[in-house]
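Overview (structure and organization)
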Amino acid sequence: MTLVPQIPDTVDRDLLGKEAAEVAATGGLTFYIDDETLTYSVDGSTVRCEVGKDTGATAVRLSRRAWDDLVGQMRTFVGLLLGDELQMERGGFEQLADWEPVLRYRHAGIPPYDPSRADFEGRDPAGAFSVDTDDAELAAQLRVMGYLHVTGVFTTEEMDAANREVDRLALLARPGDDQSWWVTDEDGSPALCRLVYATLRSPQLAALEGDLRVRRLGTLLDPTLAIAPDRMEGTPVLIKVPGRTSGLSNIPWHQDCGTGGHAVFCPAVSVGIQLTGSNAETGNLRVVPGSHGQALKYHWQDRTDVPVVSIDTSPGDVTVHIQDVMHASPRPTGEGQRRTMYVTHYPSALWDHIGPGEALNDLVRNRTEQVADLQRSPSASLPA
Ligand SMILES: [Fe+2]
């Protein structure tokens, strides 16, 4: 790979220039890549990339391999920082965050999200669909919004049985066991917030994971997508811990490729089986409709024109989301304890890059305090 790739044919030069003009005040960004130096800067509405120049107000150092991963959409700035593969030489993380959408468009043609360009095709972003809705209609909603809410997919009895299995696995879980995520609760005690690889330890949950109703919803857009129970943390079960927790339970706004892997697993589709149902009190899912396949600007949360939808569900409902739709799981306002089992359907390229037991989240799982620190930067975009 050449050091700096050609601008993809799909890139609208005027749009790239407009986006670049918005980061002009940040100053240039210099990369030290092994023995090479290059600087991105903004000149009017033109992005300049100059090899050998060292004039950026912000500067970072990384290896050629890390650079190729960044350009190839395998790793992000956050992912490289967490892996200790990116050193800040000048400036700070906020400046990198400013530049990231511009560079993702310049390097890979991933367009910046802009609510004024969103087209919902007359659809309701808050719409919920019965399980009897035909596939074409469900697929259209998912394709346009990046997510989908289907009601009454599973019975109360089926969810009760699944919850008994989650209870059993929760009793066996221990901090540091590599099969679960923990946070510190209000009393300072460890609290379980996620089981990972859950279906490898439960034939009952494995049967649910392999149910044809799950497969139907996970393959609405692409019948070749497949589940990966033995990698990428397999099928996890989220458990929302109430109160003010410390760690990774209440995941702020993110895309699931936030630390990397976009080139390998997007547009993967996650089927969220609502074991308990959800609302603001128990913890629910929030999404930015139509944001999938795009990059959101730093501080987008401060804009009032970005639409946000909160999805309330009943036990047995299913949410479906494309993994790079912008989404969040805020702190429950009440008793918490929402449980969702996520069965993700991946493109075949995943199996070429991620082996059994491997996951992008390996960087995150046992370093929750460090990740939580990074999350306090409002631009951090982490997976969950
Ligand atoms: Fe997520």
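Refer to the structure presented above.
Residues numbered from 1 in each chain as written. Predicted model: local features only at pLDDT ≥ 70, side-chain atom pairs only at ≥ 80, totals over all residues. Heavy atoms only, no water.

**What to know about the overall build of the chain**
This is how the line gets drawn: Working definition: helices are DSSP H or I runs of at least four residues, strands are E runs of at least two. Numbering for both runs from the N terminus. Using a 1.4 Å probe on the protein chains alone, a residue whose accessible area is under 20% of its type maximum counts as buried, one over 50% counts as exposed, and one in between counts as partly exposed. Contacts are assigned to residue pairs that have any heavy atoms within 4.5 Å of one another.
When its secondary structure is counted, the chain shows twelve helices and 17 strands. With respect to the principal axes defined by its C-alpha atoms, the chain has extents near 65 × 45 × 40 Å. Here the chain holds 384 residues, and the buried ones make up 57% of them. Contacts in the chain between residues at least 24 apart in sequence constitute 78% of all its contacts with a sequence separation of at least 6.

**Topic: the sheet that holds strand 16 (residues 327–328)**
Just so we agree on the cut-off: DSSP-based pairing: two strands are paired if at least 2 bridges between them are found.
Ordered by their spatial adjacency, three strands build an open sheet running 14-13-16, and the pairing between neighbours is antiparallel. The two strands at the open ends of the sheet, each matched to only one other strand, are strand 14 (309–311) and strand 16. Where strand 13 (residues 285–287) lies against strand 14, three bridges are found, and the strand directions are antiparallel. When the bridges of strand 14 are listed, Arg-286 appears paired with Ser-310.

**Quick notes on unusual backbone geometry**
For residues other than glycine, phi is negative in most cases, and the peptide bonds are mostly trans. Between Cys-266 and the following residue, Pro-267, the backbone shows a cis peptide bond with an omega angle of 5°. Along the polypeptide, Pro-267 turns up in the loop between helix 9 (262–265) and strand 12 (269–274). For Asp-178, which is not glycine, the phi dihedral falls at a positive 65°. Topologically, Asp-178 is positioned in the loop between helix 6 (156–172) and strand 8 (180–184).

**Topic: the packing of aromatic side chains**
Under the convention used in this document: Any Phe, Tyr or Trp ring, taking Trp's six-membered ring, that has another such ring centre within 6.5 Å forms a pair; planes under 30 degrees apart are called stacked, those over 60 apart edge-to-face, and the others tilted. When the NZ atom of lysine or the CZ atom of arginine is within 6 Å of a ring's centre and also within 35 degrees of its normal, the charge is said to sit over that ring.
As enumerated under the stated definition, the model contains six aromatic pairs in all. Taking the centre distance of 6.3 Å and the plane angle of 85° together, the rings of Phe-31 and Tyr-40 count as edge-to-face. The pair formed by Phe-31 and Tyr-40 is uniform in burial state, with each residue classed as buried. Sitting above the plane of the Trp-181 ring, Arg-194 keeps its charged end 3.8 Å from the centroid.

**Notes on the pairing of strand 9 (residues 190–195)**
Extensive coverage of strand 9 is indicated by the burial of five of its six residues. Pairing between strand 8 and strand 9: five bridges, direction antiparallel. Considered in strand 9, the bridge of Thr-184 is made with Pro-190. Sheet topology note: the strand 9/strand 11 (residues 237–239) ladder contains two bridges and is antiparallel. Bridging from a neighbouring strand, Leu-195 pairs with Val-237 of strand 11.

**Examining the side chain of Asp-324**
Rule in force here: Only four residue types enter the tally: Lys and Arg on the positive side, Asp and Glu on the negative side; His and the chain ends are excluded. Each reported salt bridge corresponds to a side-chain nitrogen of Lys or Arg within 4 Å of a carboxyl oxygen of Asp or Glu. The term polar contact refers here to a pair of N or O atoms within 3.5 Å; inside protein, the definition further demands a hydrogen-donor-capable atom paired with an acceptor-capable atom, and it admits residues adjacent in sequence only when both atoms are side-chain atoms.
When you line up the elements, Asp-324 lands in the loop between strand 15 (318–322) and strand 16. It is Arg-104 that comes nearest to the buried, bridge-free Asp-324 among opposite-charge side chains, at 6.3 Å. Polar contacts involving the side chain of Asp-324 include one to the main-chain amide nitrogen of Gly-293, which spans 3.2 Å.

**Structural notes on the environment of Gln-204**
Relative to the elements of secondary structure, Gln-204 occurs in helix 7 (residues 203–209). Separated by 140 residues in the primary sequence, Gln-204 and Arg-64 place their C-alpha atoms 46 Å from one another.

**Structural notes on the sheet that holds strand 2 (residues 36–43)**
Hydrogen bonds between backbone atoms are what pair the strands of a sheet, whose relative direction is either parallel or antiparallel. Rules: To get an axis, a line is fitted to the C-alpha atoms, and for a helix only the part in contact is used. The angle between two axes follows their N-to-C directions and goes from 0 to 180 degrees.
Spatially, 3-2-1-4-5 is the arrangement adopted by the five strands of the open sheet, whose pairing is mixed. Each edge of the open sheet is held by one strand with a lone partner, namely strand 3 (46–51) and strand 5 (87–90). For this sheet, the mean angle separating the axes of adjacent strands, direction not counted, is 20°. Packing of helix 4 (residues 93–108) onto the sheet brings it into contact with strand 1 (29–33), strand 2, strand 3, strand 4 (58–62) and strand 5, and relative to strand 2 it is tilted by some 85°.

**Digging into helix 1 (residues 13–22)**
For helix 1, the complete set of buried residues consists of Leu-15, Leu-16, Gly-17, Glu-19 and Ala-20. Lining the buried residues of helix 1 we find strand 2, strand 3 and helix 4. The backbone nitrogen of Asp-14 has a side-chain oxygen 2.9 Å away, supplied by the residue at the start of helix 1, namely Asp-12.

**Details of the environment of Val-150**
Secondary-structure assignment places Val-150 in strand 7 (residues 147–151). Classification of Val-150 by relative accessible area gives buried; the value is 0%. In this structure the C-alpha to C-alpha distance between Val-150 and Gly-127, which are 23 residues apart in sequence, comes to 9.1 Å. Apart from residues lying up to four places away in sequence, Val-150 is in contact with Phe-129, Ser-130, Val-131, Leu-138, Leu-217, Asp-317 and Val-318.

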